[in-house]
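Structure at a glance
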Amino acid sequence: MPEKFTEEEGNEVNPPSSSVKKVMEERPSGLFGFLTAHPTPFLFILPIIFGVLTGLGWSKDSKVEDDVANIWIPTSGAFFKDKDYMTSIEGDEVGPSGVIAMAISREEGGNIFTEEGLNEITARMKEVEATEVSYNGHTYTMKDVCASSDAGERGTTYQYPCARLSPMDLFEETRWSFDESDRLTWYKDLMHPLLVRPRIPRFGILRNFCTSSGDNADDLPEALKFLKGSCDHDFLLRMSAEYAVANGKTADYASPLSLMSDIGNFEMNYPCKICIEEMYEGVMKQMTEGTQGMFKVLMFYLGNIAQDPTNPNQGEALQLLSQVQKALATVDRASIEEFWMYFVTRGLYAELGAESYVENYAAAMNPDSDQSFYKVCLAIYGGDTTKCPPPTVTLDEAKIALLRHADNPFSSINAGGNPFPFWDENAANMFFGDQPVGGSGIDMSGAPNPLNPAEMLNTPLQGTKYLDLEKFGTAEHTPFFGVGTFNPFDENDPFWPVLAKDPVYVWFMAGITEVSASCNNNDIGGTNTGNDELDQTTGFIAANLLSPKWCTQYNDPVGTDETRTKTHFAKMWFDLLIDSDPFLGISQGVDDPYSFTTGQGCDYDLTKSRDPYTGKSTSSILYNASRELYYIDEGEAIGALDRNLLFGDTEPPVDEYSFDNPLQRVGVIQNLHFFNIPSKMVDKVKNCNRPGGPIEDLSEEDAEEVLKQFKKKFEDTWSKDWDDETKGTVQFVGFVDDTGSEGTTQRALNDVTLSGGTLMAVSFVIIALFSFIFLFSFDAIESKVLVTMVGVCLVILCFFSALGTAIMAGIKLNICTSWTLPFIMVGIGVDDMYIVLLALKGNRSFERGDFIKTMNHVVVPVTMTSMVNFFMFSVMNISDIPGVYKTAQAAMISVAFLWSVIILCFPAYCYLDTKRQQAGRADVFFCIKKYKDGSDSKTNASSNDEGPVTGCLYNCFYKPLIIKEGCLRLVMHVWVLLTTLSLLGVSIYGATKGEVGLGLEDFFPSDNQAGEWARHRTEYLASWPINMNWGAVDYTDPNTQMKMISQFEKVIDTRHVSEVETKSLWIADFAVWTTRQCDANFQRRDPSQPECGMDLVYPGDNSTCEGTWMPNTLGLREKIVITEPCQPREGGVCRPTQQMHPFDMIILSQTVEGASEVTSWCPVVQGWSEKKLKFCIEKWRDFTGGAGSLQLVDDTATENPECKGDFFRDDEIVSPIPLSKGPSMFGIDLFTHEDTVDLIKETRALCDDDDEVHCWLSGIPYDYWEQYTTIYETLYMISGVAVAVGFVVASLFLFIKINSEPFHDHSVGKVFAGSLAGGFIIAIMCALSVITVIGLSSLAGVNLTAFSVMSYALSVGFAVEYSVHVTHRWLTAPLELKSAQERVEYSMSFLFLPTFMSFISSTIGVICLAFTKFEFNKTFFFKPLLIVMFVTYYFGVFSLPVLLSKLNFGFLKLGHRTSEVLSDDDVDEEVVKE
């Protein structure tokens, strides 16, 4: 009988027979035979290769994936295809880059809208907007970086504040954001061109032609007779307080100046507006042609005199002819409009200033006053009242005086002058003259009617009647002077003044007449009587009360007389008059949109200021802030801002506060800033207006670096002292996106991705120490510490080389890779190392043959483990989230590398260690030889050397509880069963309660200001920018146009999208532009060039860019035309029939069948070719600025000849249009991930899923929350596939492994059935594991994301790894072991140690994650992975053995009889017991 050895339990097992040894000795050596014969190459080749790969990969500069889009945005599906198409059209970066600057009350439930809090915010805004960055010798400021710093007009780049949206625009104190250049631009390019120049001339039209009392009310053309008196109601409302009250207004509604706002705000179909615009166009055309004709005919008659040598006036005629010719050269539409504006201003001065004149005059001349000028005058003239002005004047006398002042010569003493007729011509000697002081210098009072001298002919173009211009050249021509008697030099001719004093003639002749003058604010003189006391008193009063200070440093010339034309000084005087208090009360270079409001926005009045907060009570500040919020243009461009974007933590809630329900508290506000992307910045800094001069040599790479530094500095400055509670009442935090250059997220990604080095090193050290403990032996020969340490080092080197290889393959390190793989893959590699070492440790001898046999046996479990891991990671490639599948790909490389190092390299070191043992040398200190060769060391192990730790764990803990028969085992089995079922039940419950999504508040560490920003954003200001996009649809099709508008409006109407007016959609705005509702002609860049579509001729077929109207069959929004109460938004672009332009309705009634029954109409373009559409869109963009982010042909814009680097908007567009976009939009109220998913689903149903006209939504919510719309499907699919793969791999492994064993006598069918059953058992463990991990993770606060799905899938890999070994050994237990329980003991007595070591080594790495400062890592990596480790170990080592102990079926017994022969497994595994 062969010698027997006894296990601890007393079971006798036969030792290997001689036949087995013979088989072993005769077995071919193969790979390991070669390795043992030639170990040196295996020792060094792979480590060297790994070292090179590590160096090459890790030395690359771009090894870290810091673009969150390349980690988180799905790369498949319809949304990805749409984004890919969009990228192919417009490139990767389109910008602008967004900056969110948040201000928060440090006190919970506090209020920052106090004077103190607002001052803190103002100071911080000043500080950040003064940010500068120096780079390559240039200093870059906010205006270099910001996306927009122009007034929307040509040549104003760098001359206007950077565009940003801020609640601080509510307050006048925010005017600090305008510097001198900005204020001048606002005045010159916005206020006068947009408010003054279009409105004042039209006021004249309204007054004279469109009111029943107007001088020209009866001069309307026949087609417009129905509009007579159409402006009466609006005119009287503003001119008469009594009329206003009678019509339901307040008395102060009667404000003549407010007509200026009304004229601009009237709808184009409003009868008063139609009258104004039609007559304005007609009058300007008539005046242009009439003035040119008048000068031409005058030149004809002057030429006759000049050519007659006998005429005594020949010389004078030649001189006048030259002057008239020069004047004619200046006459065009623009100069006529300019003349008309100033002529109307002259009349307004008298009409609007008369009441004030009467009051001021009476106050100055009050006989009862101690400082009465009337008394002074009487004193001068000894009480002679006939020599003094009267003490009072009437309104008519006041109007005459004001007109006289306007016509008076320009004064270089005091340009504003004074209308009282008290002075001599030198603005001195009060009451020694009857002249006003100053004036325009051009007398436009006209001439007396020769036929009725009491009547003044002061209407322009009276000269055309004098010349009988209409009949000139005909037989009926009858000029005033008679045929052949023209003599303008006859002083007695009563008719010549009709032309000579014609306001038009006077104005244009003054334009060629030079004078020397300047703008000054010197004091107007008082009396000069010789009475010092009297003269000093009147001088003081005149200087302080009667001497206006109109001139500014910006007038030309100022201070010193210079030569200019009379018209130059007249325009200067009228402009100063318009700016003065009687009119607008505005000061050039001083005022701005905060100190002067235009009345365009609701609750704002013309000439007023925005509400100040300085010196105001908190309740007053909050009340004034309860209005609608506008950008600085008072809503002219984008309407009222959605308060959800900028206000948070308010009482009442944001959507509920108003003046009727005012704010009680504001806890959070945020400012939105916009920065250029590098390519745009390169172009911008070349602009001629750039302070410090243009920069011509800035490359895109340099611009990216400048932008990166600027963003960082801006963010740091804004968030300074965010965590210091002593620094004020307001906390400042912010976020900068990654568009164009590195922002907040990218910096965080860089920090987080590479911040795990310390924890990684700690985990490696602990794993090494753990390995040391479990493979250390007090027997120095038996101990395997050195080779273990070598193995750990090889595994670590191998892992880093795998990552290096991945980096070289284009798989950058991402946050998922760096925070999962190091803590998992090294553990997996060490686990495989344990398999090798434990197998060798269990070997009886140090002979080469035994080593080869052991390694041949080890290849199978190591390969199987690697295959399971490889396939588990390959399953993750199902995910279309780059962070997941790229991590999986890196892991697959790691698995392959780890297999290679464990099979092809590490055995060589093990073989050397075996030779060390054979030589009797000590572990670690191998120079010490404990035994002589071959003595006392013929076996590799004693039969009972389990070690103090492992032996105790199994014998004292596991075996009594799970294995050893008795009550304790029964109780424990019931306990295991109950806990397993309980875990399953709790997990199912937890899975149903789990939430989805990863937010920024999860990502940023708690000690980072961005983390605080993210928390408050989620809680109070949960909004993100979004966009609507359309591809190459048929933009010429009116049905497509209406469908686009419909899609846009339906998306806007959803609950999570902020309100945006329909006119902001480019196709809607363009369609309106092509109709009579276009208002672009209200203020033209070139008065001679109309700017509405219906006025522009397409040269292709000589048609105009005129659109039409279609019945509103899609239920589109209608424009809100009710103006009382004020409407902050306009609504849609469609119109009810009663609000249509009457001229349009005439046409539609003839062209649209059933037009009389249509109640609503929408603007469209119809029947256009692509070429015509292209032409008209380009004109629309040029004149109005356009929108839609249409693609432009490079280098087709015209450079501004007056400013290098400044370009007009006349680019050529790409046609047919491949891509267009909606306006800036925001998803709002996205307080939870479910809210964001709802946003995506609700809007996509209206856009992306619409097959009729394809559009798609994009933006941060769609990019980063896209995965959550199908996250459950992804979870089910990946988990299901992982379990299925686990089943297949396990079944195949069991079948191949069992069937290939040489000494079993089971049929293939039985082996196949048993393998399938084993695979099914393993699949059950996998399913249990993944369900439990999902549920417990959800209960632990781990939301469902792609990261957590990856962890859940890993649970299948670990479950397979544990259960396949247990199941295999249980299936192949010796047949002498009859009961299932005995077979479980057979399995676990051997596997408890390796499974425990595997669990510990893997768990060590995961536990290290608990010490990261990044909550993100704890939540999405530490928690689920730790749960994976414990759950899979518990199910594999406790639940599975308990289950197997109950399965005592014959077809599951696939072992051998040890009485006949031991299998290879038995040869190794029985002796591994030590």
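See the structure shown above.
Presented here is a report on the structure given in the accompanying data block. Numbers given for residues are sequential positions, taken from 1 along each chain in its written order. Local features in a predicted model are, by the rule used here, given only for residues with pLDDT of at least 70; side-chain atom pairs are given and counted only at 80 or more, and totals for whole chains, interfaces and linings are based on all residues. The side-chain numbers reported here are obtained from all heavy atoms of the structure, hydrogens and water having been left aside.

1. Some remarks on the pattern of salt bridges
- Note on definitions: salt bridges are taken to be side-chain nitrogens of Lys or Arg within 4 Å of carboxyl oxygens of Asp or Glu. In total, this model carries 55 salt bridges according to the counting rule given.
- Put simply, Glu351 and Arg207 hold a salt bridge, and the shortest N to O gap is 3.3 Å. Linking Glu351 in helix H14 (residues 333–365) with Arg207 in helix H8 (residues 180–209), this pair joins segments that are 144 residues apart in sequence.
- Residues joined in a network through salt bridges with shared partners are Glu267, Glu1061, Lys1063, Lys1119, Glu1130 and Arg1135. Note on conventions: DSSP H or I runs of at least 4 residues are helices, E runs of at least 2 residues are strands, and numbering of each starts at the N terminus.

2. Looking at the packing of aromatic side chains
- Ring pairs shown here join Phe, Tyr and Trp side chains whose ring centres sit within 6.5 Å, with only the six-membered ring taken for Trp; geometry is labelled stacked below 30 degrees between planes, edge-to-face above 60, and tilted in between. Under the definition given, this model contains 92 aromatic pairs.
- Between Tyr301 and Phe472, the ring centres sit 6.1 Å apart and the planes meet at 70°, which makes this aromatic pair edge-to-face. With Tyr301 in helix H12 (residues 271–306) and Phe472 in the loop between helix H17 (462–467) and helix H18 (496–500), this residue pair connects regions lying 171 residues apart in the sequence.
- Ring geometry for Phe675 against Phe710: centres 5.6 Å apart, planes inclined by 80°, an arrangement best described as edge-to-face. You can see Phe675 sitting in strand S14 (residues 665–675) and its partner Phe710 sitting in helix H24 (residues 700–718), a full 35 residues away along the chain.

3. A closer look at the side chain of Glu65
- Relative to the helices and strands, Glu65 resides in the loop between helix H3 (39–58) and helix H4 (69–72).
- Exposure classes here rest on a 1.4 Å probe applied to the protein chains alone. A residue is buried below 20% of its type maximum, exposed above 50%, and partly exposed in between. Only four residue types enter the tally: Lys and Arg on the positive side, Asp and Glu on the negative side, with His and both chain ends excluded. No salt bridge is formed by the buried Glu65, whose closest oppositely charged neighbour, Lys886, lies at an N-O distance of 4.6 Å.
- There is a polar contact of 3.1 Å between the side chain of Glu65 and the backbone nitrogen of Asp67.
- Residue contacts are defined here by distance: any two heavy atoms, one from each residue, within 4.5 Å place the two residues in contact. Those residues in contact with Glu65, other than ones at most four positions away along the chain, are Asn70, Ile71, Leu749, Lys812, Leu813 and Asn814. Pairs of N or O atoms are called polar contacts if they sit within 3.5 Å, as long as, within protein, a hydrogen donor faces a hydrogen acceptor (for residues adjacent in sequence, only side-chain-to-side-chain pairs).

4. Thoughts on helix H36 (residues 1038–1052)
- To estimate the expected span of a helix, count its residues, drop one, and scale the result by 1.5 Å. Taking 1.5 Å as the rise per residue, H36 with 15 residues should run 21 Å; its terminal C-alpha atoms sit 21 Å apart, in good agreement.
- Within H36, 13 of the 15 residues are buried, which leaves it mostly tucked inside the rest of the structure.
- A side-chain oxygen of the first residue of H36 lies 3.0 Å from the backbone nitrogen of Asn1039; this N-cap is Asp1037.

5. Regarding the sheet that holds strand S19 (residues 1108–1111)
- Across the sheet, three strands lie side by side as S19-S21-S20; this open sheet has antiparallel pairing. At either end of the open sheet lies a strand with only one pairing partner, and these are S19 and strand S20 (1135–1136).
- In short, DSSP must find at least two bridges between two strands for them to pair. Sheet analysis places S20 next to strand S21 (residues 1160–1164), joined by two bridges and oriented antiparallel. The residue of S21 that forms the bridge with Arg1135 is Trp1161.

6. So, the environment of Gly635
- Position of Gly635 among the secondary structure elements: in the loop between helix H22 (618–624) and strand S13 (647–651).
- Using a relative accessible area of 14% as the deciding quantity, one classes Gly635 as buried.
- Sequence spacing of Gly635 and Leu259 is 376 residues, and the spatial spacing of their C-alpha atoms is 19 Å.

7. What to know about a negative patch on the surface
- Patch membership is restricted to residues that have no salt bridge and whose relative accessible area is over 30%. Joining uses 9 Å for like charges and 5 Å for the nonpolar side chains Val, Leu, Ile, Met, Phe, Trp and Tyr. We get accessible surface area from the Shrake-Rupley algorithm with a probe of 1.4 Å; when it comes to residues, only the shown protein chains can shield them. For this purpose, a charge sits on NZ of Lys, CZ of Arg, CG of Asp or CD of Glu. Judged by side-chain charge, Asp92, Glu93, Asp683, Glu700, Glu701 and Glu704 come together as a negatively charged surface patch.
- With three residues, the top contributor of residues to the negative patch is H24.
- One can find Glu700 in helix H24.

8. A closer look at the environment of Phe34
- Summarising the element assignment, Phe34 is placed in helix H2 (residues 30–37).
- Under the relative-accessibility criterion, Phe34 is labelled partly exposed at 48%.
- A sequence separation of 818 residues divides Phe34 from Ile852, and the C-alpha atoms of the two residues are 9.5 Å apart.

9. Some words on the side chain of Ser866
- Following the sequence through the fold, Ser866 ends up in helix H29 (residues 848–875).
- Not counting the four nearest positions on each side in its chain, Ser866 is found in contact with Asp832, Val895 and Trp899.

10. Some words on the pairing of strand S10 (residues 452–457)
- Summarising the sheet, strand S9 (residues 447–449) and S10 pair through three bridges and their orientation is antiparallel. Paired with Ala447 across the strands is Leu457, a residue of S10.
- Taking the residues that link successive antiparallel strands as the turn, the S9-S10 hairpin has two residues.

Remember that the coordinates give geometry; whether it matters functionally is a separate question.
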